[in-house]
Amino acid sequence: MKGALIALSIGIVLLILLFSETASYSSGTIDMHLHDTYFVLSYAAVIGFVILFLGTCFSIGGIFGSHAKSKLYLVLLALFLSVDIYYIVKFLYLP
């Protein structure tokens, strides 16, 4: 559990750094400028991405902390990674 909480806190720090440096907030969207690309995301999409990112960090930390002996963290990792991959592919291949 300690490894999961450490990884979760690292994920939170990374998100804070990302949103404090690259994001500008408007009435219904968050505009992110990464390198030479602008992403305009709704608040609901950002909340979904944050939950998925932090869940993935938590499950990876749990696996490292338990030395891959806990099946709960393995199931959580499989669940979060499958949903992460689905959303990344869906986001990249929008028509």
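Bear in mind the structure is a predicted one, so any value in this text is a computation, not a measurement.

S.K.: Before we move on, could you go through the packing of aromatic side chains and cite the residues and values that matter?
M.R.: Applying the stated criterion across every chain yields a total of two aromatic pairs. Ring geometry for Phe-58 versus Tyr-73: centroids 5.8 Å apart, planes at 65°, classification edge-to-face. In this pair, Phe-58 is assigned in helix H2 (residues 43–65) and Tyr-73 in helix H3 (residues 71–92), connecting sequence segments 15 residues apart. The class of Tyr-73 is buried, set by a relative accessible area of 8%.

S.K.: Please set out the packing of H2 against H3 residue by residue, giving values where relevant.
M.R.: Packing of H2 against H3 leaves a shortest axis separation of 9 Å and a crossing angle of 145°. Seen along the crossing, H2 lies across H3 with a hand that is left-handed. Each of Phe-49, Ile-51, Leu-52, Gly-55, Thr-56, Phe-58, Ser-59, Ile-60, Gly-62 and Ile-63 in H2 lies in contact with H3, whose residues at this interface are Tyr-73, Leu-74, Leu-76, Leu-77, Phe-80, Leu-81, Val-83, Asp-84 and Tyr-87. In the contact of H2 with H3, the residues fall into 14 nonpolar, four polar and one charged.

S.K.: Residues and numbers for the pairing of strand S2 (residues 29–34), please.
M.R.: Pairing between strand S1 (residues 23–25) and S2: three bridges, direction antiparallel. Note that in S2 the partner of Ala-23 across the bridge is Met-32. Hairpin connection from S1 to S2: three residues lie between these consecutive antiparallel strands. Alignment of S2 against strand S3 (residues 37–42), held across six bridges, turns out to be antiparallel. Its bridge partner lying in S3, Leu-34 is registered against Thr-37.

Criteria and thresholds
Residues numbered from 1 in each chain as written. Predicted model: local features only at pLDDT ≥ 70, side-chain atom pairs only at ≥ 80, totals over all residues. Heavy atoms only, no water. Phe/Tyr/Trp six-rings, centres within 6.5 Å; stacked < 30°, edge-to-face > 60°. Helix = DSSP H or I, 4+ residues; strand = E, 2+ residues; numbered from the N terminus. Buried < 20%, exposed > 50% of the residue type's maximum accessible area, 1.4 Å probe, protein only. Axes fitted to C-alpha atoms, helices over the stretch in contact; angles between N-to-C directions. Left-handed = near helix turned anticlockwise from the far one by under 90°. Contact = heavy atoms within 4.5 Å. Nonpolar A, V, L, I, M, F, W, Y, C, P; charged D, E, K, R; others polar. Pairing = 2+ DSSP bridges.

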